[in-house]
Amino acid sequence: MSIELRDRFFVLSAGDAPAEEAARYRAEVDATDAEPAATVDGLDLSWHPSARFKAVRFIDAERIDERVRDLFARPSADAPYLAAVFVDPHELSFRTFENIVPLDRLFEDVPLEAELAERAELAEGVFSFSLRLPAEARARLERLDELKLYVPPLNAGSRGGERFIFHSALLAEALSAAVADALPPSTAEGFSHVNPVFRCNRFEPGDANFHRHRDTPYFDAARRHISRYTVLLYLTGGTGSPALDLVGGAALGEIGEFTCVIFDQRYEHEGAPYRDGRKVFLRTELIFAADEVTEAPEIGELFSKACYLTGESVFAPELARHADAYYNQVAAAHWNGLGEGPTRETFVHKEFRGVHFVANGYDFWFAKSEELSLAECAALTLLDYFNCKLGDTAFRALCNTEVIESDDAGWIPEFLNARRGGSVMTRVDKSGFFPDPEDPDLRICCPFHSSGRYDPTRHDEIIDLYTDAQSFAKAHILPAPILMLGEDVALDPDRFIIQDNLIHVLGKGALQPVNFAACWNDESIPEDYVVVAAKVGVAQFLVPPIIYTESAGCRHLRFDFFRNSWMVDHQRATIPVPRITEDDWADPDESRAWRRYVDDSLVDDEHPLPPSDLWDDEDDDWDDEDD
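If you're wondering where the values come from, they're calculated on a predicted model, not measured in any experiment. (Residues numbered from 1 in each chain as written. Predicted model: local features only at pLDDT ≥ 70, side-chain atom pairs only at ≥ 80, totals over all residues. Heavy atoms only, no water.)

As a further point, take the nonpolar core. Within the largest apolar cluster, 58 residues are counted, with the highest numbers of intra-cluster contacts made by Leu-103, Leu-141, Leu-144, Phe-166, Ile-262, Leu-282 and Leu-286. With seven residues, helix H4 (residues 169-182) is the largest single contributor of residues to this core. In this structure, Leu-144 is in contact with Leu-103, Leu-106, Phe-107, Phe-164, Phe-166, Cys-200, Leu-235 and Leu-282, ignoring residues within four places of it in sequence. Judged by nonpolar contacts, the second largest core, of 51 residues, contains Leu-319, Leu-382, Leu-491 and Ile-546. (Core = buried A, V, L, I, M, F, W, Y, C linked by side-chain atoms within 4.5 Å. Buried < 20%, exposed > 50% of the residue type's maximum accessible area, 1.4 Å probe, protein only. Helix = DSSP H or I, 4+ residues; strand = E, 2+ residues; numbered from the N terminus. Contact = heavy atoms within 4.5 Å.)

Strand order in the open sheet formed by eight strands is E24-E19-E20-E21-E32-E31-E29-E28, with antiparallel pairing between adjacent strands. Only two strands of the sheet have a single partner each, and these edge strands are strand E24 (400-406) and strand E28 (496-499). Pairs of neighbouring strands in the sheet enclose a mean axial angle of 25°, with direction left out of account. (Pairing = 2+ DSSP bridges. Axes fitted to C-alpha atoms, helices over the stretch in contact; angles between N-to-C directions.)

Now for the packing of helix H1 (residues 2-12) against helix H2 (residues 19-30). Orientation of H1 relative to H2, taken along the N-to-C sense of each, is 145°, at an axis distance of 11 Å. Handedness of the H1/H2 crossing: left-handed. Residue-level contacts link Leu-5, Arg-8, Phe-9 and Leu-12 of H1 to Glu-21, Tyr-25, Glu-28 and Val-29 of H2. When the residues that make up the contact of H1 with H2 are grouped by side-chain class, the tally is five nonpolar, no polar and three charged. (Left-handed = near helix turned anticlockwise from the far one by under 90°. Nonpolar A, V, L, I, M, F, W, Y, C, P; charged D, E, K, R; others polar.)

So, on to the confidence of the model for the protein. Across the protein, pLDDT averages 83, with 85% of residues at or above 70. Predicted confidence is poor over residues 617-627, with pLDDT under 50, and the contacts of this stretch with residues over four places away or in other chains come to five contacts. (pLDDT = per-residue confidence, 0-100.)

With antiparallel pairing, four strands are arranged side by side in an open sheet as E11-E17-E14-E15. Each end of this open sheet is capped by a strand with a single partner; those strands are strand E11 (210-213) and strand E15 (251-255). With strand direction ignored, the average angle separating the axes of adjacent strands in the sheet is 15°. Two elements, strand E14 (residues 238-246) and E15, share four bridges in a ladder whose sense is antiparallel. When the sheet's bridge partners are listed, Thr-239 is paired in E15 with Glu-254.

Enumeration over the complete set of coordinates arrives at 37 salt bridges. Between Arg-278 and Glu-204 there is a salt bridge, and its shortest N-O distance comes to 2.7 Å. Here Glu-204 lies in the loop between strand E10 (197-203) and E11 and Arg-278 lies in the loop between strand E17 (269-271) and strand E18 (279-289), a separation of 74 residues in the sequence. Take Arg-278: its relative accessible area is 36%, and that puts it in the partly exposed class. Of the charged contacts in the structure, one is a salt bridge between Lys-305 and Glu-301, with a shortest N-O distance of 3.4 Å. Of the two residues, Lys-305 and Glu-301 both sit in helix H6 (residues 297-312), four residues apart, roughly one turn of that helix. What you see here is one network of salt bridges that share partners, running through Asp-44, Arg-52, Asp-88, Glu-91 and Lys-389. (Salt bridge = Lys/Arg side-chain N within 4 Å of Asp/Glu carboxyl O.)

Moving on, we come to H1. Structural remark: α-helix, 3.6 residues per turn; residues separated by three or four positions point the same way. Listing the buried residues of H1 in full gives Leu-5, Arg-6, Arg-8, Phe-9 and Leu-12. Buried residues along H1 sit in contact with H2, strand E3 (55-60) and strand E4 (82-87).

Let us look at the packing of aromatic side chains. Within a pair of aromatic rings, the relevant descriptors are the distance that separates the centres and the angle that separates the planes. Tallied over the full model, the rule gives 21 aromatic pairs. Aromatic side chains Tyr-150 and Phe-164 sit 5.2 Å apart centroid to centroid with 70° between the ring planes, which places their arrangement in the edge-to-face category. A residue pair is termed long-range when its members are at least 10 positions apart, and Tyr-150 in the loop between helix H3 (135-143) and strand E8 (162-167) and Phe-164 in strand E8 qualify at 14 residues. Phe-164 matches Tyr-150 in its accessibility class, with the two residues each being buried. Sitting over the ring of Phe-258, Arg-138 keeps its end group 4.1 Å from the ring centre. The lysine or arginine in question, Lys-279, covers the ring of Phe-203, its NZ or CZ lying 6.0 Å from the ring centre. (Phe/Tyr/Trp six-rings, centres within 6.5 Å; stacked < 30°, edge-to-face > 60°. Lys NZ or Arg CZ within 6 Å of the ring centre and 35° of its normal.)

Structure below.
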């Protein structure tokens, strides 16, 4: 049944099925429950759609656990390394909204020498070119439309058509050289490169327009890079009314295939479908050095609100238009300063297990009480903004949510003081996860040589493995400010440092290397005796300090995740806690070894684990008759 659901999804996605058949299929999906088959980037994955897993994404199949990898469809014949996965849209956060597909492989071993010829200046800061490419490179670009990677965009309410986002450093490098040669010197001053993230857009005749908007500039504070010009590369030609309208600049009613339009991002613009065929184009931007750019915290505030409301629109679709309004205000402010915004502001009132708070993505308000500590308010803010998972459920899905529009925030203190709640988090002694091992009994060798008296808890080799496993788990658990124990949330207040009006959230440090040693004349191996005692979810955060003030019986926290001087990050992982089994023999065919439950994405230079003999089980031959 699940295989049928998986395969029918791609058949029906072609759009040729009768509406009744599509409706029956959606009903079947809604009636289907599914457990996650794998986890990548903190998102649970299913290999078929279900009532929970409804959003399709495309990722490199090598990133999926090889034990379940073959279950996932490879719908793109031209990119067979891409697997289609289904995720729960309620788990998405600003880090995972967009699915950026790796497509460099499509352009490997292809001559990509590009030339932008026939330059025409259509208006101030608006240029058109004809893109010339070798035939094979041109064919690869045309093939993008056939990859079957399109998904409905997040902002589907403000635009028609379909799109997918991909990354190709090879294509960007080729276009960068062409742009550097083709732009007028005055325009090219400070030019660095073409952004390697591309949006492939497709519109059919009759689709809704891409409504008037400004493109939000890309900014990399660490490299001092900013985008100044948008690049539109039309893979198909046609006529529209107009096909591209740059407000106050140029309007293009007819566009030839492989026309490249480059325009200043100050322009508002709108695009219409072709009247006479499919419209397919790529969008990216030109990146420049940003020496003269100054930071504007109020713009970061608006952008944070826009991202937050985008995530909340999964639960309240009407918020999408408010998010779009913020995005457009941000884009305009980058060039013209902060102008007039919406006359009323949008807030989200949430209730989580009896605790009420109000948020807009930058400001978070809580009623002040003895039961609800400042550290707990900060923790709830983190859980909400990053939409962390508690057990198998995203935080936002556990909240009761209400959208409130108001002229200002003056109503909030009285509103929250009438809805006070108590603590919703427990305190945990993390050292309890890591009991000391027993003293080793040096007379113990292995189950084979110590038959009848083998005690794995006293075996020195297993104790060494256990302490090494503890070191790995400690490195992830001890620094975590928040632990998820199933659906319970445990707070480590020592990881929240409050100074003046700032809350500093401490993260994890580096782990020292661990080493494994190996004489076993037994079918089992030492790793089989170090098993999982519990699984602990940890949330690690790299965020700027949280600013807080108190007034009118209310705590007001402000979280600027997009401050240019900070790198913001969040990692959610499940850490298996090791213990030594008391079984006198561990059946390797039913291995519950701790090492099998470690997420390999957590193993790196700072948190190393050497290869285990567990992965060689299938190659071992224990049949004594063959010796």
